[in-house]
Each structure stands twice: as structure tokens, then as C-alpha cells.
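# Structural features, examined
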Amino acid sequence: MASIVPGSVGGVRDKAKVSSPELRLKRVRDLCARLETDLARPRIRTSEACQSIIQYTKNTKDFMVPSVWGTIDKREDPYNPPSEGGCCSVM
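Naming follows an unreviewed UniProt entry, where the protein chain appears as GGL domain-containing protein of Lipomyces orientalis.

And the structure:
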């Protein structure tokens, strides 16, 4: 004798519908997978990250901070627009 499944049409469960416990289980498994991915991510201590940032800022010249690096030649400045042939034409 076939049993009637509550919430189904004609006593037969629709394959497209997922029960609440199955949905919860899927969510928990997805969360576990995300947490495992996060756990596998390489990590460094905060002090090491700060030292790395300090070393980078000391060794990398930043043309936007002239108070630290001094003025630079226009040819060396990557933010200076090229002055070849002008940029405007008058008609």
C-alpha cells in the first residue's frame, strides 16, 4: 500500500520540491565547504603583514607623495600627461 506524503499533489512527492530538512542539510554542507576553503587560505601574522607594507612603502617610489620623495623630472612622472604635439586643435 502506497503512503500519502503530506504536502504533495496526489500523494506523490514532486521531485523539484525539496523538504525542509534536506534544504537545511544542503545549507550546512555548503557552509562547511566555505569554511574549509577559508581555513585552507594561507595566513600570516598581523605584525608580518605590517612589516611587509612598511618595506614596500620604503622601497617603492610614489610620485604622488613629493614631500617624501622630493620633486621629480616631468619625464619620469607616470601621472604627467605627455606633451607631444599638444592636446588641442583650434578650428
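After that view of the structure, there is still more to cover.
### Remarks on the overall build of the protein chain
Within the protein chain one finds 3 helices and 0 strands. Counting from the amino terminus, the protein chain carries its helices and strands in the arrangement α-α-α. In the protein chain, which comprises 91 residues, the proportion classed as buried is 1%. Counting only carbon and sulfur atoms, one obtains 59% of the accessible surface of the protein chain, whose full area is about 9,200 Å².

### Observations regarding the pattern of salt bridges
Inspection of every chain in the model, using the stated rule, returns 3 salt bridges. Note that Arg43 and Asp38 form a salt bridge whose closest N and O atoms lie 3.2 Å from each other. Here Arg43 falls in the exposed class, since its relative accessible area comes to 56%.

### Digging into the confidence of the model for the protein chain
One rule of thumb: low pLDDT means the predicted coordinates there are not for detailed reading. Across the protein chain, the average pLDDT comes to 79, with 70% of residues at or above 70. The spread of mean pLDDT over the elements of the protein chain runs between helix H3 (residues 66-69), the lowest at 76, and helix H1 (residues 20-40), the highest at 95.

### Observations regarding a nonpolar patch on the surface
Taken together, Met64, Val65, Val68 and Tyr79 make up a surface patch of nonpolar side chains, about 420 Å² in accessible area. Tracing the chain through its elements places Tyr79 in the segment after H3.

Rules used in this analysis
- Residues numbered from 1 in each chain as written.
- Predicted model: local features only at pLDDT ≥ 70, side-chain atom pairs only at ≥ 80, totals over all residues.
- Heavy atoms only, no water.
- Helix = DSSP H or I, 4+ residues; strand = E, 2+ residues; numbered from the N terminus.
- Buried < 20%, exposed > 50% of the residue type's maximum accessible area, 1.4 Å probe, protein only.
- Areas by Shrake-Rupley, 256 points an atom, 1.4 Å probe, with all protein chains shown as cover.
- Salt bridge = Lys/Arg side-chain N within 4 Å of Asp/Glu carboxyl O.
- pLDDT = per-residue confidence, 0-100.
- Patch = residues over 30% accessible without salt bridge, like charges linked within 9 Å, V, L, I, M, F, W, Y side chains within 5 Å.

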